[in-house]
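Working through the structure, step by step
Each chain, written out:
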Amino acid sequence: MKLPIYMDNHATTPVDPRVFQAMTPYFTDTFGNAASRNHSFGWVAEDAVEKGRKQVADLIGANSKEIVFTSGATESNNLALKGVAEMYAEKGNHIITAATEHKAILDTCKRLEKSGIKVTYLPVETNGLVDLDKLRAAMTDKTILVSIMYANNEIGVLQPVAEISKIAKERGALFHTDATQAVGKVPVDVIKDGIDLASISAHKMYGPKGVGALYVRRRNPRVQLTAQMDGGGHERGMRSGTLNVPGIVGLGEACAIAKAEMAEEIKRMAYLRDKLKDRLLASLDETYINGTMEHRLPNNLNISFAYVEGESLLMGINEIAVSSGSACTSATLEPSYVLKALGAGDDLAHSSIRFGLGRFNTEEEVDYVAAKVIDVVQKLRELSPLYEMHKEGIDLTKVQWTAH
Amino acid sequence: MAYSDKVLDHYNNPRNVGSFDKKDPNVGTGMVGAPECGDVMKLQVKVNPATGIIEDAKFKTFGCGSAIASSSLATEWLRGKTVDEALAIKNTDIVNELSLPPVKIHCSVLAEDAIKAAIDDYKKKSENVESQTKAHA
């Protein structure tokens, strides 16, 4: 076993060697511009792009023509929200999303608010899921779009997208989902799930960084978008810019592998994740899982170790790459807004660790990580005045703390 | 973020971890910070009432590595100092000794606050003891 161990696969994943191999010729030998219509270099590139397009479409039950390539999920989210808001401005000016969305959605919504769009940020329940009745109540005749993520990037919970899309449709609104964490990890089917627009990223599913896609439904209904970038009118006018041919080949290959291996991979991820969870919970008291285990990505575990601060925990397990919802690790000095939205309380948000398992993690690594985390949490609790007070039976919520 | 060697050393081998009996009249306890802010420090001093010298100091800290190191270092510095010398310890001394980056200066401020709170607590207790002794006399 090699150190450090990478267990932060919600941040990014390594490129699968098979994906990398498929990409390599498109950098040097077959380097053509897919938009070059009058020579073989262009034709070869175009064929590669169309193959990639079909591979992406096949993974999510879509038609090739419904796939628009982008630079990644952030661009896809921007294009979906801004493109719909602009295109359907005459129909309405209201968008519904959730408080636990990725910043690529939340910040885009904030921008849209400045240009007169009304945005409703639905709260989530303590399990991390959107309450469908609250969604129903938030819908108005002016609602043009509901955008709810498929799987959360911090706590891995899977939103009830099929039910959400039904509610959106009943009121004539479109349904967009940021499916960045879900595509390639769990079955996503744009027909069954009633998705009108879906954002996809390659580097979260063992593909390269800098490439992604937006699924845009062509039938029932035919979704239209106002392009957000001007140029040569590539991608049916929705996204100008020379196509990233090697990236698209990589995304396509990553999708093909995911489709072929998903059933097995889900089982393996769930086994490893559950082993990690069970060992941590068996050895440590006052340890809480954030978000429902029932509807969750098989490779995600987000757990709070009460009375232990997240950054000090990361420091103790520094040969394990995971991420913390704690203040000090993030640039913003704020604890995770996702955990706060679950009502976890700032203290538990500061104590949280996100484990993101991936295709290349081994059982030996999981055993090592479990043992190491248990050891460091125990050591830090020996150091923790809060754990001591808890053991003395003091209710920490009743203590008068000195703010600083 | 890279930690300085001294922060790592205190984190890996924290000095003087533990607790004294809060009710001991010679013990001063300072507890500063708040769980929702991500750091809480408990710092205790045990003072020899005859000499006014801090004979022992202990800490427990919930917080990042820099907060743990700041309080661990504080206990080292407190031992052997008089109460008044202890009050002269400044957060900037801790920043310099541990090479704390700007985002971690609040950890050193917290440690200074903890020292002051512990000494305050000790002083209040000893004043009470004195006044009680006088009342009995």
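For the structure itself, look to the data block above.
Presented here is an overview of the structure given in this document. (Residues numbered from 1 in each chain as written. Chains lettered and ligands numbered in written order. Predicted model: local features only at pLDDT ≥ 70, side-chain atom pairs only at ≥ 80, totals over all residues. Heavy atoms only, no water.)

1. Observations regarding the sheet that holds strand β7 (residues 197-201) of chain A
Residues and elements named next belong to chain A. The seven strands lie next to each other as β2-β8-β7-β6-β5-β3-β4, forming an open sheet whose pairing is mixed. Each end of this open sheet is capped by a strand with a single partner; those strands are β2 (67-70) and β4 (118-122). Each neighbouring strand pair of the sheet contributes to a mean axis angle of 20°, computed without reference to strand direction. Bridging between β2 and strand β8 (residues 212-216) involves four bridges; their strand directions are antiparallel. If you follow V68 over to β8, its bridge partner there is L214. This element, helix α3 (residues 40-59), spans β2 and β7 of the sheet and lies at about 115° to β2. (Pairing = 2+ DSSP bridges. Helix = DSSP H or I, 4+ residues; strand = E, 2+ residues; numbered from the N terminus. Axes fitted to C-alpha atoms, helices over the stretch in contact; angles between N-to-C directions. Contact = heavy atoms within 4.5 Å.)

2. Some details on the layout of surface pockets
Residues and elements named next belong to chain A. Considered as a void within the structure, the second largest pocket measures approximately 300 Å³ in volume. Residue lining of the second largest pocket: 16 residues in total, with R37, E50, R53, E235 and L243 positioned closest to the centre. For the lining of the second largest pocket, the element with the most residues is α3, which contributes four residues. Its residues assigned to classes, the lining of the second largest pocket comprises five nonpolar, four polar and seven charged. (1 Å grid on protein atoms, 1.4 Å probe; cavity = no way out; pocket = protein on both sides within 12 Å on 5 of 7 lines; lining within 4 Å. Points joined across faces, edges and corners; volume = space filled by probe spheres on them. Nonpolar A, V, L, I, M, F, W, Y, C, P; charged D, E, K, R; others polar.)

3. Quick word on the packing of aromatic side chains
Ring pairs (aromatic) are described by centroid distance and by the angle formed between their planes. Residue and element names in this part refer to chain A. In this structure the tally under the stated criterion is three aromatic pairs over all chains. Plain terms: the ring middles of Y206 and F360 are 5.8 Å apart, the flat faces sit at 85° to each other, and that makes the pair edge-to-face. On the criterion of sequence distance, the pair formed by Y206 in the loop between β7 and β8 and F360 in the loop between β13 (352-356) and α12 (363-383) is long-range, its members being 154 residues apart. For Y206, a relative accessible area of 2% gives the class buried. Taking the relative accessible area as the measure of exposure, F360 reaches 39% and is therefore partly exposed. An angle of 50° between the planes, with centres 6.0 Å apart, marks the rings of Y307 and Y387 as tilted. With a gap of 80 residues between them, Y307 in the loop between β10 (300-305) and α9 (310-316) and Y387 in helix α13 (residues 385-391) connect regions that are remote in the sequence. (Phe/Tyr/Trp six-rings, centres within 6.5 Å; stacked < 30°, edge-to-face > 60°. Buried < 20%, exposed > 50% of the residue type's maximum accessible area, 1.4 Å probe, protein only.)

4. A word on empty space enclosed by the protein
All names here are of chain A. Counted under the stated rule, the structure contains two cavities of 30 Å³ or more. Together, G184, K185, Y206, M262, E265, I266, M269, P298, N299, L357 and G358 line the largest cavity. Of the residues belonging to the lining of the largest cavity, the class tally is six nonpolar, three polar and two charged. If you add up the space inside the second largest cavity, you get close to 30 Å³. In terms of residue class, the lining of the second largest cavity is made up of five nonpolar, four polar and one charged.

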